[in-house]
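# A structural walkthrough
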Amino acid sequence: MSRPRVFDYIEAVARARSIRRAAEELNTASSAVNRMILDYERELGARLFERHARGVRLTTAGEYVLAHIRRTAHDEAALRAQIDGLRGMQRGEVAIAAVEAAGPFLAAGLGAFHMEHRLICYRVTTAGSAQVVAAVEREAAEIGLALAPPPSRLVNVLASRRHRLHAFMADGHPLADRRRLKLSDCVGFPLALGDAASGGRRVLDRAFEALLLDSRPFLTSNAFALMIETTRHTDAICFQFLPDGTDPAPAPDGGLRAVPVEDGRLSPVDLALIVHARRALAPAAALLADRLSAGLRDAATG
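The name that an unreviewed UniProt entry assigns to the chain is LysR family transcriptional regulator, with the source organism given as Marinibaculum pumilum. UniProt annotates the chain under Sequence similarities (unreviewed entry) with the comment "Belongs to the LysR transcriptional regulatory family."

Take a look at the structure:
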């Protein structure tokens, strides 16, 4: 970004209090400096300098213009520093807390980002939604990805994408060939559910309670990998929220099925990208948050 040359002339004349001395500093003819300032004064419709035999003095209008010139220079320097911080990157580490359901999205986002910014490292912690929010609140994580996060005045949601519940089961399970399931279809089988810190578990518990269904699990865990491996070897069912539009749901691995669950008391939930509401992100984290936000928005509208 280049500023008008007349700004340099005005600033130099104001500093030297003389058009001649300013022209010498600028290595420019006095007539050129004077002419450009006169043209600018005509454009503004106001005199910037009072001219005297011994030099010049700023008018009130000239003081306003000089303040604007200096403020613009300061703002541009600050802008360049911010952009250089984003471009130059930025060694260091970005701390992220995410629910397990965000794994595929986060892996794809970090992979693409890493190919462009090779000097940044990432520390990712998997946790339940309540724990993700708590980590962002206490600044243990700069970026969080949570399902149906509990509301918090210390957290801002930058972007989100709607997710729907799916039931996971072994290929040979009696319900594996169904295209849709209700929660009532699942309660006759052993259930593996996430722990109380899971946003998905809170949504499920409310739905089971509203439908007067017995949802006591035989297995409770904060590790989806453990629960899904259990379903591979038993007639158990576990649940996971997948991005809206994942239909028909792909089998997550050989020997497993994922069937959408639809019920009147079971609403979709949002996978939300969250940051601290009162703390500015470091440049690397801010750039990554922008990229992940765009990814969530694009997926939601795609």
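Next comes the rest of the write-up.
### A closer look at the pairing of strand E5 (residues 143-147)
Of all 5 residues in E5, 5 are buried, a share of seventy percent or more. Here E5 shows no split at all, with Ile143, Leu145 and Leu147 on one side and Gly144 and Ala146 on the other all buried. Pairing analysis gives 3 bridges linking strand E3 (residues 92-98) to E5, with the strands arranged parallel. Following the sheet pairing, alanine 97 is matched in E5 by glycine 144. Note that E5 and strand E11 (residues 269-276) share 4 bridges and pair antiparallel. Of the residues in E11, the one forming a bridge with leucine 145 is leucine 273.

### Thoughts on the side chain of threonine 231
When you line up the elements, threonine 231 lands in helix H9 (residues 224-233). Since its relative accessible area comes to 0%, threonine 231 is described here as buried. A polar atom in the side chain of threonine 231 sits 2.6 Å from the backbone oxygen of isoleucine 228. Here threonine 231 is in contact with Phe168, Met169, Ala170, Ala236, Ile237, Cys238 and Leu256, once residues within four sequence places are set aside.

### Here's the deal with helix H3 (residues 30-44)
With 15 residues, H3 should cover 21 Å at 1.5 Å per step; its first-to-last C-alpha distance of 21 Å lies within 8% of that length. Along H3, the positions that sit buried rather than exposed are Ala32, Val33, Ile37, Tyr40 and Glu41. Residue glycine 45 follows H3 closely and has a positive phi angle near 75°.

### Focus: the layout of surface pockets
The calculated volume of the second largest pocket comes to roughly 350 Å³. Along the wall of the second largest pocket there are 25 residues; nearest its centre are Glu100, Gly194, Ser198, Met227 and Gln240. With 4 residues, helix H8 (residues 199-210) is the single largest residue contributor to the lining of the second largest pocket. Broken down by class, the residue content of the lining of the second largest pocket amounts to 12 nonpolar, 10 polar and 3 charged.

Rules of the game
Residues numbered from 1 in each chain as written. Predicted model: local features only at pLDDT ≥ 70, side-chain atom pairs only at ≥ 80, totals over all residues. Heavy atoms only, no water. UniProt positions renumbered as here; feature names shortened; annotations may be inferred. Buried < 20%, exposed > 50% of the residue type's maximum accessible area, 1.4 Å probe, protein only. Helix = DSSP H or I, 4+ residues; strand = E, 2+ residues; numbered from the N terminus. Pairing = 2+ DSSP bridges. Polar contact = N/O pair within 3.5 Å; in protein donor to acceptor, adjacent residues only side chain to side chain. Contact = heavy atoms within 4.5 Å. Expected span 1.5 Å × (residues − 1). 1 Å grid on protein atoms, 1.4 Å probe; cavity = no way out; pocket = protein on both sides within 12 Å on 5 of 7 lines; lining within 4 Å. Points joined across faces, edges and corners; volume = space filled by probe spheres on them. Nonpolar A, V, L, I, M, F, W, Y, C, P; charged D, E, K, R; others polar.

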